[in-house]
Amino acid sequence: MKIIISNASSDPIYVQILNQIRQSILSGELHAGEILPSIRQLSKDLQVSVITTKRVYEELEKEKLIDSVVGKGCFVSGANKDFIREQRMKLLEEKMIEIIRESKDLSMSQQDLIDHITLLFEEEQTP
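Here the structure is a predicted model, which means the values were calculated and not measured.

### Details of the pairing of strand β2 (residues 73–76)
Okay, step 1: The pairing of strand β1 (residues 66–69) with β2 spans four bridges and is antiparallel. Looking at the pairing, Ile66 lines up with Val76 of β2.
Okay, step 2: Hairpin remark: β1 followed by β2, antiparallel, with three residues in the connecting loop; positive phi at Gly71, about 80 degrees.

If you want it as structure tokens, here you go:
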């Protein structure tokens, strides 16, 4: 898991970290049961306050994306697969809206876009 903090971002550091870990979980980069770095280790790696990483983990736990086990650490939750699927679908829809807007800027018809997506989908199916 790679987390990049931007000092130029308008988002607070904890939000940047939170969004990146959330995205890693929702995208499937981090799998159910996978252990996350300890709060102290993550704060050391990112050179941020322990309070910042603790806040991130607490928020992820509230969202039921991670589970905290006393003495063991924090793990990606496996209990909420429907929620994770729903969130991944939401991300997919956002990307699709971007594609639709871009296709309109290119004066593509709906059918042209569908044909293009179908072609790309079929190419991805080919081994």
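So much for the structure itself; the text now carries on.
### Some thoughts on the domain arrangement of the chain
By a widely used convention, the size of an interface equals the accessible area lost when the partners come together.
Okay, step 1: Split into domains, the chain comes out as domain 1 (13–76) and domain 2 (81–125).
Okay, step 2: If you average the C-alpha positions of domain 1 and of domain 2, the two centres end up 30 Å apart.
Okay, step 3: The interface of domain 1 with domain 2 comprises six residues on the first partner and five residues on the second.
Okay, step 4: At the boundary of domain 1 with domain 2, total buried surface from both sides reaches about 510 Å², with 69% on carbon and sulfur atoms.
Okay, step 5: Taken as a group, Gln23, Leu26 and Leu65 account for 67% of the area that domain 1 buries against domain 2, more than any other trio of residues on that side.
Okay, step 6: In this structure, the connection of domain 1 to domain 2 is made through zero salt bridges.
Okay, step 7: Connecting domain 1 to domain 2 are zero residue pairs in polar contact (both at pLDDT 80 or more).
Okay, step 8: Tallied by class, the residues present in the side of domain 1 that touches domain 2 amount to three nonpolar, two polar and one charged.

Conventions used here
- Here the residue numbering is sequential within each chain, running from 1 through the sequence in written order.
- Selection of residues for local features in this predicted model requires a pLDDT of at least 70, selection of side-chain atom pairs for listing and counting requires 80 or more, and totals for whole chains, interfaces and linings are taken over all residues.
- Here the side-chain values reflect all heavy atoms present in the structure, with hydrogen atoms and water set aside.
- Two strands pair under a simple rule: DSSP has to find at least two bridges between them.
- Numbered from the N terminus, helices here are DSSP runs of H or I no shorter than four residues, and strands are runs of E no shorter than two.
- Source of the domain bounds: an automatic or database domain assignment.
- It only takes one pair of heavy atoms within 4.5 Å for two residues to be counted as in contact.
- For any pair of parts, buried area is found by adding up, for both, the accessible area (1.4 Å probe) each one loses once the two are put together.
- Counted as salt bridges are all cases of a side-chain nitrogen of Lys or Arg within 4 Å of a carboxyl oxygen of Asp or Glu.
- Contacts described as polar in this section are N or O atom pairs within 3.5 Å, which, within protein, must combine one atom able to donate a hydrogen with one able to accept it, while residues neighboring in sequence count only if both atoms come from side chains.
- Side-chain classes are defined by residue name, with Ala, Val, Leu, Ile, Met, Phe, Trp, Tyr, Cys and Pro counting as nonpolar, Asp, Glu, Lys and Arg as charged, and the others, Gly among them, as polar.

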